[in-house]
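# Coordinate inspection notes
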Amino acid sequence: MSYGLQGKTALITGGGRGIGLEFAIRLLQGGCNVVIADVALTDEARTLVEKYSKGSPKAVFQKTDATEWAQLQEAFDVATKTFNGLDIVCPGAGIFDPPISNFWYPNETATQRSSYKTFDLNINHPVRTTQLAIDTFLRLSPEKPHGTVLLVSSIAAQMAAAPVPLYCASKAAVSSFTRSLGVLEQINGIRVVCLAPGNVQTQIWTADGVDRAKWLKEGEDIWTPIEAIVDGMIALLPGAGEGGEYEGGTVLEVTAAGRRKVEIHNDAGPNGRKGTTVSGAGEYGGAEIIGQLQKEFGK
Ligand SMILES: NC(=O)c1ccc[n+]([C@@H]2O[C@H](COP(=O)([O-])OP(=O)(O)OC[C@H]3O[C@@H](n4cnc5c(N)ncnc54)[C@H](O)[C@@H]3O)[C@@H](O)[C@H]2O)c1
């Protein structure tokens, strides 16, 4: 189904693979132009961009390091100049505490520029992208502003996971930020919402030389299908019309168990629902923490 996507334009950071790429595919299928802003494309993404390189809808790749604000601005410029409009902005790029940005790897993180890359990419980039999106939406259509910023949080926002504390903190920040901006929809019609996916089998679990996919144990844990995630993203868009709208400020958890609005107060959290459990995190992550404490702390 197209949900009124025909003729619209979306900008997706991190659209070069994984969830962002699947979202891009679905938007293009619905007739929506897409700008993929990413550091790189997978072969699948490159083929997609080539397939939609002419005509309408169209896909454009803009090489973008989302932690560099000037490059983010360029991605917006490409979107508005190419398509003369912008309707959906998804700052989806994210990392999962690789050693260069992991609390338990002080020597590796010390090589960074007085910051943690997890926070630069998972917090500062979506916040900055939201600023640019609101500015662009208002400039393009000052009389009748519209547009959606669809941020990407995680079930990790509500979980304690000692091996990846920066990731959990970053996603909690994104959920909180979304809620604070929810009121914008009442002020000028711009919707800021966020998706909180369960565990999805993408390269985020195995990128940068770490294998965290093994934390999910066969027979105990299951992955959340990526199609369910993208269905949830579409449902967050205005006019999705699936049993009512999700208003600005919504944090929508999507797991193998289904969709659930995450409440601001007294929320139960993912609570062991299907597609949220990681049975091996304590065993593998615990060993990693103890090893790192011995190797890199107190020397
Ligand atoms: N996969 C999961 O289990 C899961 C669960 C919850 C939330 N999420 C979130 O979903 C989002 C997408 O994750 P995914 O699973 O598709 O991961 P992924 O690793 O498959 O894709 C991430 C994309 O971000 C891009 N990227 C990385 N650094 C970048 C940078 N500096 N600038 C621009 N692009 C950059 C990568 O090239 C890649 O295309 C992330 O925000 C992630 O935190 C994922």
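Calculation rules
- Residues numbered from 1 in each chain as written.
- Predicted model: local features only at pLDDT ≥ 70, side-chain atom pairs only at ≥ 80, totals over all residues.
- Heavy atoms only, no water.
- UniProt positions renumbered as here; feature names shortened; annotations may be inferred.
- Helix = DSSP H or I, 4+ residues; strand = E, 2+ residues; numbered from the N terminus.
- Rg over C-alpha atoms; globule rule 2.2 N^0.38 Å.
- Buried < 20%, exposed > 50% of the residue type's maximum accessible area, 1.4 Å probe, protein only.
- Areas by Shrake-Rupley, 256 points an atom, 1.4 Å probe, with all protein chains shown as cover.
- Lys, Arg positive; Asp, Glu negative; His and termini not counted.
- Charge placed at Lys NZ, Arg CZ, Asp CG, Glu CD.
- Phe/Tyr/Trp six-rings, centres within 6.5 Å; stacked < 30°, edge-to-face > 60°.
- Lys NZ or Arg CZ within 6 Å of the ring centre and 35° of its normal.
- Core = buried A, V, L, I, M, F, W, Y, C linked by side-chain atoms within 4.5 Å.
- Contact = heavy atoms within 4.5 Å.
- Near = heavy atom within 4 Å.
- Nonpolar A, V, L, I, M, F, W, Y, C, P; charged D, E, K, R; others polar.
- Pairing = 2+ DSSP bridges.
- Axes fitted to C-alpha atoms, helices over the stretch in contact; angles between N-to-C directions.

The chain is annotated in an unreviewed UniProt entry as NAD(P)-binding protein of Cryoendolithus antarcticus. One UniProt comment on the chain, placed under Sequence similarities (unreviewed entry), says "Belongs to the short-chain dehydrogenases/reductases (SDR) family."

### With respect to the overall build of the chain
Helix and strand content of the chain: nine helices and eight strands. Taken against the 2.2 N^0.38 rule, which gives 19 Å for 299 residues, the C-alpha radius of gyration of the chain at 19 Å falls within 12% of a compact globule. When the backbone C-alpha atoms are referred to their principal axes, the chain occupies close to 60 × 40 × 35 Å. Buried residues in the chain amount to 51% of all 299 residues. Taken as a whole, the chain presents about 13,500 Å² of accessible surface, with 52% of it coming from carbon and sulfur. The average position of the 27 basic charges and that of the 32 acidic charges among the side chains of the chain differ by 2 Å.

### Description of the packing of aromatic side chains
Inspection of the entire model under this criterion finds seven aromatic pairs. Seen from their ring centres, Y116 and F119 are 5.9 Å apart, and the 80 degrees between their planes marks the pair as edge-to-face. Among the aromatic residues, those joined into a cluster by ring pairs are F96, Y167, W205, W215 and W223. The residue whose ring lies beneath R212 is F96, and the NZ or CZ to ring-centre distance is 5.0 Å.

### Observations concerning the nonpolar core
F23, L27, I88, L150 and M233 are the most contacted members of the largest nonpolar core, which totals 37 residues. A total of seven residues in this core trace back to one element, the largest contributor, which is helix α1 (residues 18-29). In this view, M233 contacts I19, F23, C90, L150 and L195; residues no more than four positions away in its chain are not counted. Counting 30 residues, the second-largest nonpolar core is a separate cluster that includes A66, V89, I134 and F177.

### Remarks on the site of the ligand
By nearness alone, 27 residues border the ligand, and I19, D38, Y167, V200 and T202 come closest of all. If the ligand stood free it would expose 830 Å²; the protein chains cover 95% of that surface. Partitioned by chemical class, the residues of the shell around the ligand number eleven nonpolar, twelve polar and four charged.

### Overview of the sheet that holds strand β8 (residues 258-261)
As summarised here, the arrangement of the eight strands in space is β3-β2-β1-β4-β5-β6-β7-β8, forming an open sheet in which the pairing is mixed. The open sheet has two free edges, formed respectively by β3 (59-63) and β8, since each of these has just one partner strand. Geometrically, the sheet is characterised by an average inter-axis angle of 20 degrees between neighbouring strands, direction not taken into account. Bridge count between strand β6 (residues 191-197) and strand β7 (residues 251-255): four bridges; the pairing is parallel. The residue bridging C194 from the neighbouring strand is V251, located in β7.

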